[in-house]
Amino acid sequence: MVNEVLLDKEKMFAEAKEILANSKDYDKAANIVAKLLNEEPNNYDYLYVYAECLGHLDDESDLLEAVDIYKKISKDLKRNYNFQIGFIYKKLGLYKKAIKRFEYDKQKNNFSK
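Note that this is a predicted model, so its numbers are computed, not measured.

Novice: Is there a simple way to think about the nonpolar core in this case?
Specialist: Buried together is how nonpolar side chains tend to be arranged in soluble globular proteins. Grouped together as the largest cluster of nonpolar side chains are 30 residues, with contacts concentrated most on Val-33, Tyr-50, Leu-54 and Ile-69. Those elements giving two or more residues to this core turn out to be α1 (2–23), α2 (26–39), α3 (44–55), α4 (60–77) and α5 (82–91). Setting aside residues up to four positions removed in sequence, Val-33 forms contacts with Ala-16, Tyr-46, Val-49 and Tyr-50.

Novice: Hey, could you run me through the environment of Gln-84 in this one?
Specialist: Along the chain, Gln-84 falls in helix α5. As for Gln-84 and Tyr-104, which are separated by 20 residues in sequence, their C-alpha atoms are 12 Å apart. Apart from residues lying up to four places away in sequence, Gln-84 is in contact with Tyr-48 and Tyr-70.

Novice: Is there a simple way to think about unusual backbone geometry in this case?
Specialist: Most peptide bonds take the trans form, and the phi angle of most residues other than glycine is negative. Backbone geometry places Lys-24, a non-glycine residue, at a positive phi of 60°. In this structure, Lys-78 takes a positive phi of about 55° despite not being glycine. Mapped onto the elements of the fold, Lys-78 is located in the loop between α4 and α5.

Novice: Any chance you could explain the pattern of salt bridges here in plain terms?
Specialist: Opposite charge on two side chains permits pairing when their charged atoms draw close. On inspection of all chains with the given rule, the structure shows four salt bridges. Across the salt bridge formed by Asp-76 and Lys-72, the nearest N and O atoms sit 2.7 Å from each other. In this pair, Asp-76 and Lys-72 are both assigned in helix α4, four residues apart and thus about one turn of the helix distant. Classification of Asp-76 by relative accessible area gives partly exposed; the value is 34%. A residue is classified by how much of its surface remains accessible, and Lys-72, at 33% relative accessible area, is partly exposed. One continuous salt-bridge network, built from bridges that share partners, spans Lys-9, Glu-39 and Glu-40.

Definitions and cut-offs
- Residues numbered from 1 in each chain as written.
- Predicted model: local features only at pLDDT ≥ 70, side-chain atom pairs only at ≥ 80, totals over all residues.
- Heavy atoms only, no water.
- Core = buried A, V, L, I, M, F, W, Y, C linked by side-chain atoms within 4.5 Å.
- Buried < 20%, exposed > 50% of the residue type's maximum accessible area, 1.4 Å probe, protein only.
- Helix = DSSP H or I, 4+ residues; strand = E, 2+ residues; numbered from the N terminus.
- Contact = heavy atoms within 4.5 Å.
- Salt bridge = Lys/Arg side-chain N within 4 Å of Asp/Glu carboxyl O.

Honestly, that's just the spatial picture; any functional story needs more than this.
See below:
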């Protein structure tokens, strides 16, 4: 029974990633991952894909939720998601915040000019 549940979760997650990558139906992929997050709210793989889905939507609340998720993942896992956050700020028209994130990302990753 436990193995079947794990297999179902793996299938759902694979389906969400496939939709995200190929069909670009971000709402559908986000809904699938949201179901997975209901059971495992601290699963960072799910959180990342969910944030990526939300970051492609046009609703301001979805975009801001994606920023919050990226910030949580960045803090908890010590990873840099400034580029993703900058992209969302740009979509929101928050250009100064976007530039700040892009510049910080450039410095953090030692990108040359």
